[in-house]
Structure formats: structure tokens, C-alpha cells
Amino acid sequence: MLPSKSHAAHARLLDEVGAVDQVGVEERVAKFTTRSIKKAAKVWGLRMAVSMTDLTTLEGKDTPGKIDSLCRKAVRPHDDPSVPSVAAVCVYPSMVRRAKAGVAGSGVKVASVATAFPSGQTHQRTRLAEVRGAVADGADEIDMVINRGAFLSGEFSRVQDEIAEVVEACGAAALKVILEVSELETFDNIRAASFLAMGVLRPGDFIKTSTGKTTLNATLGNNQVMIEAIRDFYLDTGIAIGMKPAGGIKTAKQSLQFLIAVKETLGDAWLTRKRYRFGASSLLNDLLRQLEKERTGAYQAPYYFSEAAESY
Amino acid sequence: MATRKKQPAARRAGLIFGDLWEFDPAPETADPKLKARYDLFIGGKFVRPRSGRTFDSINPANERKLAEIALAGAADVNAAYAAGAKAFGPWSALSGRERGKYLFRIARLLQDRAREFAVAETMDGGKPIKESRDFDVPMAAAHFFYHAGWADKLEYVAPGRSVAPLGVVGQVIPWNFPLLMLAWKLAPALAMGNCVVLKPAETTSITALKLAEILQDAGLPDGVVNFVTGAGETGALVMGHPSAAKVAFTGSTEVGKAIMRQLAGTDRRMTMELGGKAANIVFDDAPIDQAVEGIVNGIFFNQGHVCCAGSRLLVHEPVADQVIAKLKARIRVLRVGDPLDKNTDLGAINSAAQLATIRRLVAAGVSEGAVKYQPPCILPEKGFYFPPTLFTGVTQSHRIAREEIFGPVLSILTFRTVDEAVEKANNTPYGLSAGVWTDKGSRILRMSTELKAGVVWANTFNRFDPSSPFGGYKESGFGREGGRQGLLDYAKLT
């Protein structure tokens, strides 16, 4: 008997995009953590990381007040005027209007999660309606989740078609496709899902690791698998897709290691917030703390940094 | 998967590895605590050479003199063997447990001074600090720990037989892993109860003589370990000495053969760990990005100064273009330069002589028609440096596919079938190591039996462990180092 259709589809997809060896990936990324970034290079990296941050609050208890303080922090993260504003604020659809007002005129984008974030387990028509609603409210960017259930049961065309529909629903808004890597489990699957998504994305859209709502989020390993997929796709098609690791990046040191991975894998053209983002909240204040340490030579107490993005 | 028309940009899509985010220098600043002059270490003391001669050890990264090293002549080597012979009786009579204590002490003292030793190793030999810090020094300590663990269990090392030490053993080690090769040689010899006369390579004597300080601090009885320094002549004296019970050599096949000729007809035991020209074989189902990483690790680790370096890449024709393109992109981000900088991936070539050898063989590759690729990189003006180099279009009869280059130079050949891969991989007088990259487990097992190499790595390369025996086939030598097998090479079985 031949393999079942879904099994054959899975095999074909893996065959097409190639295998990934977990041990090898982990060996590769361990080298990024031994890079030693000092002085001007460190300041450059820290500022770059600030400018790439999607400052995020995604909680049931989000209120307009919380959104206001998040937006203020996003626009002006620190008293030091040389610190750039972050790339975007990332909120639930119901908060898009409020956020839009909060960042008005600053250049900071408003990103909205949609498509029944974080599980995605509802009707596609509902997911699309949510996207359209967020875009209508003014969202500049949409962070969608893929249908992991469909992926794991081998319905790849369905996964891809759904993404294509969301692309269409986005209109002019940029799209970030969340693979939810911890639910895909293997690096082979993460690479395959990256290609599925990129196959229907537009230049300037992103793929993203995770929702931040599961136990394992962005790691250097899954970041590496995804940026290598982006690199291979770019060299093959000329279409440059962006990358957003999200969740679990809490320290400045970690963010520099991710940026080193980008520098050495995708090159200089991806060292821009147009193509690389960090989905984070507590990261921002650690970046500021390190910047202040570089500027003044001493670590400052945490209460010198406004805590407007943390969850309590 | 939906396919989409390629945009016209695809034809010129390339990656930019430029200077947008240039790293600041990040030098390792620990003090290597070098002495201006290093004497011989004989009978537990540092002694001036009776030869009255010395030579300079320079830093290959900047050609500056690091220290003056004693040059041992015949009288010095005699004195070293005499000290060893005097120490042998009491040392071999000690219980294994007591000998183990010394080895544990040496291992711990080495760990205590790890940064200092790493910096000294890098300055003397030119290897990147991240390698001496993360590989050479920890691995050297691991070998002492491993063999310390064996010392009190020797009655179990050869079930049904009993083991006894051989006597005073003569050892000569190379310059590519000075401290680590020393640990590989010293630890099993001492655990078994032998005494040692060891000669480090002339360009890298310093960490051996620093280790002598640790041996003193560990209270190792005088004469159990003796270090004589010098070049080939001293080495010949150590290897040919009539009171050596065994000689162990790691170095070139040419010198190994000369030693074997010298010792032919005597009853002295030998172990030889010689050259290599390892095949790293990539099949079309391999995880390509990780294979590329393994290829880079296989040939550019320690500037390619590795006897088991994967210096011949055999790549399956369906994926050859892809592998080569990815390899070229990967080596563009290798950082070549100051070995003491923590971000350096490729440090300095060990000596002017070795640099000349590499240049000569690379020139031969070009003149024989292979296609050379070197990424753009700026090399320091002073010091001995060579950029990472790939050769494509190499065939079995090219010199660069046959001779050991011992530098950061990879020869790329292709193959069509598994049989052809095996045939080509084995078509060399050497047989030290090989690598296989495939997603298919059964193919790994087949390759590991058919490849005539002492070590076959599967989906990895240049992995070492003290418990894993290392050694060669054919002209790569005989005898093993590490593991139970390596220990038995220092024992008389009865």
C-alpha cells in the first residue's frame, strides 16, 4: 500500500526544502554565543535592538490605560534622546484604535495579532473578519497564527491557502506569520512551515517564531532554522522576507546574539527593522540599562527606567 | 507547495556581508605569565642545557620573540632518560590509587590556570583564543581526569590478563595541539606507571614547560616526567635512545617512517599517529546547512593544522552546486586575524615554514588547473596568515587531493554513487579519519565499515573525547590514543 496522502505530502514537502539536523543547528548557534561584542559595536547593536522591538502587551487584562502607557514608552523609551523609538506596539485587535492614537505622528507602527490568536482554532471566515477589522481600525501590521492542526495532519495546501487569504485580507498592512514553533516540534517542520508561508508572502512580510503563549518560544536554534529558510528562499526567488523571533528574549545579551546570527547568516541587508523584529516587552528596559551602562560606566537601579511595558 | 514565478531580482539576489556592524576588538587580556627563558625540565628541576645552546620561540601572530628555549643535545637527552630510569622503580611500585591522585591534581591545577594556559597556547602557536580556551585546555584537563580515573582500576583494563608498565617511554609531539597532544601522551603513560621523556615541537614548547610548573606544584616525584626541548635532531635523540622502552610519535608520515627505520630490528614498542587526508563525504539527502557547518569545522578548525582535518570534500553531484554556494557564503563570515581576539575564527599559521608549504601546495593546485576561491579578507601585515581557501574542480590526481596541506585549504571533488564515494575516499595512502553526512542511518553504518579510517564521524566532524580511541590506518600510523585501547599501548600484558 502506498503512503497515505497526507503522509506523502509531508514527505514531499520535507524533500523539497531539505532536512535539518538538530545537533548541527545547536552547534552552529553555540558559536554565536561566544562572540564578544564591545564598546561602539555594543552600543550600535543595543540601539538597533531597541529600534527593532515590537513592544508587546497581549493579555486579557489589557486596558486602554495600559495601552496608553505602552505607546508612550514605545515612542520615547528613555530620556536619552539618542535612543530611538521602537518599531511597533503589538496589541489585540480591540486596542488598535487606542494604540493608533497613542503613537500618532511618531512613526511607530501599530501591529495587531489576529486570526484567533493564539490558538487559531476558529472558522477561517471569523479569522479573516478579525484581520479586516483590525486593518479597518488602522493596524499597520497583522500578526497571524497558522493552522497548526492542519499542518500536523498533513493538510499543507490548506495551511498555505489560509495564509494566502490572510495576505489578501491585509491589504496594505504588512503580515507576520506565526508558526508557533513549539507546537511544530521538529526543526524539519519549522523549516517546512517557513517555506509554506513564504511561498505566498509579499516582500516585506515576516515569518515569526511564536505567540509567546506556550512554554518554548524563540530560541537561537529555531531562529537559525527560520533565517536560513529566509536566506535560501531569497537566493532562490529574490523575495526578501523578514523575521521576528518572539517570546523568551528577555536580556540585551540574548538580543545581541540573535543579531549576530542575522549578521552572519542573512547579512547586513537584514540588520534593519524593516526585516528583523523582536517580539518582546521586558527586553526593552534591559537594553536601556545596558545603554546607560555603556554611557555612564555604571549600572543604574531598575527604578530609573519606566516600567510601562511589563506585565504585573 | 504553491510555486511562484521568480522575480527578475532572483538572478542578482545576493547577500551582503559588509561592515555595517563591525565588531570592536575584543582581546583576551589574561596574563600568560611567560618567562623570558625556559630551561629543560629534567629530574623535577629546570636545568640549563648542557649543550649550551638555545633557540627563540616567536609569536606567529606578530613574529615577535616570546621566550628563549633551551636546545637539548645528546648529553641532555641522556640525563633525561637517566632521571626517568631512576624514578621508574618507585613510581611504578606506587599503587594505582596513589598515581591517580597525582593525575587528578595535575588536571585540577590545569583547570585553575586555564585562562593563563589558553593565552600562552594562543601566543605560542597562533590558534584562536576561543579554541585554546574552549577546546585545547579543557580537553587536556579532561584527558588527565579520564586517565586518573583508570589508574586505580588497571586490573580491570584487560580482563583475564594483568598489566605492567613498560619503563621510560620517549614521546615526541607536534605543534598543532601542543598542550593537548602532551596530555594525550602523558596521561595514559603515567596512569599505567611509566616514566616519560617528552619533546615538544620546537615552535610550541612553552605550554609544556608551563605544565612542568604544574607538575612541580602537584608534587609529582622527580624524574617521572622530563621535558627536553629542541628541533628534529633532539627528537631523533629521544626516539632513538637505547633506554627507551617504547616510543610514541605524533607528527608527519615522513618523520614517522624515518623513526621506524631507525628502530627497525629493536624490540622497542612504537605507536605512530601520522598524517591524514580525510574525506568528508556529503550525500544528497544530508542536512545541507549543517553539513556545510561540519565542512567548515572539519577544515578550518585550528587553521587546518589538524591531522584528521576533513581536507577532501567529496560531494554528491546532485547537491554539489548547492553545497559549494553555501560553503562560499559561509566562509565569507569567518573572521581571520589576531588569534587573541575572542571573535577570531582563523588565527595565525604556526610558522613561516608551514606558511611556505601551504603557499607552495596552493600554487600547485592553481597550476594544475583547479579553481581557487578565497573570500575577500584583510590579513594583518605582520605575522603568518592564510585566508580560508576552497578548490573546486579537483580530481583524484591533483596534488592538492593527495598531499597533506595542513592548512586552511579544502579540495572539493564530486561523486555519483556510494561505491564511487568509498573508492575515492579510500584512494589515499592515509586513513586517519572520515566524515559522512546523510539522513539515512543504514548508509552511515555501511560507510563506517567500508571507509578505511581510524575514526568515521557521522553528521559531525572533529569530535573528540578522552574515552574514545583515536588513531590511524595505513600510513596514518598505528596504535591508539584515548580510551582503554590507548591505555593498553602503554602496558605490558601478561
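Residues numbered from 1 in each chain as written. Chains lettered and ligands numbered in written order. Predicted model: local features only at pLDDT ≥ 70, side-chain atom pairs only at ≥ 80, totals over all residues.

Describing the overall build of chain A
Assigned secondary structure in chain A consists of 13 helices and 8 strands. A globule of 312 residues ought to have a C-alpha radius of gyration of about 20 Å, and chain A, at 19 Å, matches this closely. Taken over the C-alpha atoms alone, chain A extends approximately 70 × 45 × 35 Å along its principal axes. When burial is assessed residue by residue, chain A has 57% of its 312 residues classed as buried. Contacts in chain A between residues far apart in sequence, at least 24 positions, make up 75% of those at least 6 positions apart. (Helix = DSSP H or I, 4+ residues; strand = E, 2+ residues; numbered from the N terminus. Rg over C-alpha atoms; globule rule 2.2 N^0.38 Å. Buried ≥ 20, exposed ≤ 12 C-beta atoms within 10 Å, placed from the backbone. Contact = placed C-beta atoms within 7 Å.)

A closer look at the overall build of chain B
Secondary structure assignment for chain B yields 15 helices and 20 strands. Taken against the 2.2 N^0.38 rule, which gives 23 Å for 494 residues, the C-alpha radius of gyration of chain B at 23 Å falls within 12% of a compact globule. Once the C-alpha set of chain B is aligned to its principal axes, its extents read approximately 80 × 50 × 40 Å. When each of the 494 residues of chain B is scored for burial, the buried share is 56%. Once local pairs closer than 6 in sequence are excluded, the contacts in chain B between residues at least 24 apart make up 72%.

Considerations on the confidence of the model for chain B
In the predicted model, chain B carries a mean pLDDT of 96, and 98% of its residues have values of at least 70. Across the predicted assembly, pTM comes out at 0.95 and ipTM at 0.93. (pLDDT = per-residue confidence, 0-100.)

Let's talk about helix α6 (residues 124-136) of chain A
All names here are of chain A. The terminal C-alpha atoms of α6, which comprises 13 residues, lie 18 Å apart, in line with the 18 Å expected from a rise of 1.5 Å per residue. Regarding α6, the residues found buried are Arg-127, Glu-130, Val-131, Ala-134 and Val-135. One face of α6 carries all of its buried residues, which in axial projection span an arc of 130°. For α6, the exposed residues lying more than 90 degrees away from the buried face are Arg-125, Thr-126 and Ala-136. If you follow the buried residues of α6, they end up packed against α5 (96-102), β3 (109-113), β4 (141-145) and α8 (156-170). Gly-138 sits one or two residues past α6 and shows a positive phi near 110°. (Expected span 1.5 Å × (residues − 1). Arc of directions from axis to C-beta.)

Observations regarding the sheet that holds β3 of chain A
All names here are of chain A. Sheet architecture is open: 8 strands sit in the order β7-β6-β5-β4-β3-β2-β1-β8, paired in parallel fashion. Two strands in the sheet have a free side with no partner beyond their single neighbour: β7 (242-244) and β8 (278-280). Pairs of neighbouring strands in the sheet enclose a mean axial angle of 25°, with direction left out of account. (Pairing = 2+ DSSP bridges. Axes fitted to C-alpha atoms, helices over the stretch in contact; angles between N-to-C directions.)

Section: the interface of chain A and chain B
Note: interface size is frequently given as the accessible area lost on complex formation between the parts. With 42 residues of chain A at the contact, the number on the chain B side is 32 residues. Broken down by secondary-structure element, the contributors of at least two residues to the side of chain A that touches chain B are α1 (5-17), α2 (22-32), α3 (39-51), α8, α10 (187-198), α11 (220-237) and α12 (252-265) of chain A. Among the elements that make up the side of chain A that touches chain B, the one with the highest residue count is α11 of chain A (6 residues). Residues of the side of chain A that touches chain B, tallied by class, amount to 19 nonpolar, 10 polar and 13 charged. (Nonpolar A, V, L, I, M, F, W, Y, C, P; charged D, E, K, R; others polar.)

So, the nonpolar core
Ranked by size, the top nonpolar core spans 105 residues in total, and within it Ala-49, Val-89, Ile-142, Ile-146, Leu-175 and Val-177 of chain A carry the most contacts. Of all hydrophobic cores here, the second largest spans 92 residues; its members include Leu-40, Ile-42, Ala-120 and Val-137 of chain B. (Core = buried A, V, L, I, M, F, W, Y, C linked by C-beta atoms within 7 Å.)

Comments concerning the environment of Asp-285 of chain B
Examined against the element boundaries, Asp-285 of chain B turns out to sit in the loop between β12 (279-282) and α9 (288-300). C-alpha separation for the pair Asp-285 of chain B and Val-319 of chain B, spaced 34 residues apart in sequence, amounts to 8.7 Å. Ignoring any residue separated from it by four or fewer positions in sequence, one finds Asp-285 of chain B in contact with Ala-19 of chain A together with Thr-438, Asp-439 and Lys-440 of chain B.

Let's talk about helix α8 (residues 253-263) of chain B
Residue and element names in this part refer to chain B. Residues of α8 that are buried: Thr-253, Val-255, Gly-256 and Ile-259. Down the axis, α8 shows its buried residues gathered within 160° of arc, on one side only. Projecting away from the buried face of α8 at angles above 90 degrees are the exposed residues Glu-254 and Arg-261. Close packing links the buried residues of α8 with α7 (232-240), β10 (246-250), β11 (269-273) and β19 (477-478). Looking one or two residues past α8, Gly-265 carries a phi angle of roughly 90°, positive in sign.

Quick notes on the environment of Leu-190 of chain B
Residues and elements named next belong to chain B. Checked against the element boundaries, Leu-190 lands in helix α5 (residues 178-192). Each C-alpha atom of the pair Leu-190 and Tyr-490 lies 8.9 Å from the other, and the pair is 300 residues apart in sequence. Those residues within four positions of Leu-190 in sequence are excluded, and the remaining contacts are Arg-99, Leu-103 and Val-224.

Topic: the packing of α3 of chain A against helix α13 (residues 283-296) of chain A
Residue and element names in this part refer to chain A. Where α3 meets α13, the axes come as close as 10 Å, and the angle between the chain directions of the two elements is 155°. The angle between α3 and α13 places the two elements in the roughly antiparallel class. As for how α3 packs across α13, the hand of that crossing is left-handed. From α3, Lys-42, Val-43, Leu-46, Ala-49 and Val-50 reach across to α13, where they touch Leu-284, Leu-287, Gln-290, Leu-291 and Glu-294. Of the residues in the contact of α3 with α13, the class split is 7 nonpolar, 1 polar and 2 charged. (Parallel < 35°, antiparallel > 145°, perpendicular 65-115°, else oblique. Left-handed = near helix turned anticlockwise from the far one by under 90°.)

Focus on the packing of α5 of chain B against helix α6 (residues 206-217) of chain B
Working note: a packed helix pair is described by the angle between its axes plus the distance between those axes. Residues and elements named next belong to chain B. At a minimum axis distance of 8 Å, the contact between α5 and α6 shows a crossing angle of 55°. The pairing of α5 with α6 is recorded here as oblique in orientation. The chirality of how α5 crosses α6 is right-handed. Together, Pro-178, Leu-179 and Leu-182 of α5 and Thr-207, Ala-208 and Leu-211 of α6 make up the contact between the two elements.

Here we look at the environment of Pro-287 of chain B
Along the polypeptide, Pro-287 of chain B turns up in the loop between β12 and α9. What makes Pro-287 of chain B buried here is the crowd of 25 C-beta atoms within 10 Å. As for Pro-287 of chain B and Asp-439 of chain B, which are separated by 152 residues in sequence, their C-alpha atoms are 7.0 Å apart. Discounting chain neighbours no more than four positions away, the residues touching Pro-287 of chain B are Gly-18, Ala-19, Val-20, Asp-21 and Gly-24 of chain A together with Asp-439 of chain B.

Some details on the domain arrangement of chain B
Residues and elements named next belong to chain B. By domain assignment, chain B separates into domain 1 (37-274 + 474-493) and domain 2 (279-458). Once you take the C-alpha centre of each, domain 1 and domain 2 turn out to be 30 Å apart. Put simply, the parts of the chain that give the side of domain 1 that touches domain 2 at least two residues each are α3 (114-125) and α4 (129-151). Top contributing element to the side of domain 1 that touches domain 2 by residue count: α4, with 3 residues. Grouping the constituent residues of the side of domain 1 that touches domain 2 by class yields 5 nonpolar, 7 polar and 7 charged. (Domains from an automatic or database assignment.)

A few points about the pairing of strand β5 (residues 174-178) of chain A
Residues and elements named next belong to chain A. Among the 5 residues of β5, 5 are classified as buried, and the element is accordingly described as predominantly covered. In β5, alternate side chains face the same way, and those of Ala-174, Lys-176 and Ile-178 on one face and Leu-175 and Val-177 on the other are all buried. Pairing between β4 and β5: 5 bridges, direction parallel. Within β5, the residue paired with Met-144 across the bridge is Val-177. Sheet analysis places β5 next to strand β6 (residues 206-208), joined by 3 bridges and oriented parallel. When the sheet's bridge partners are listed, Val-177 is paired in β6 with Ile-207.

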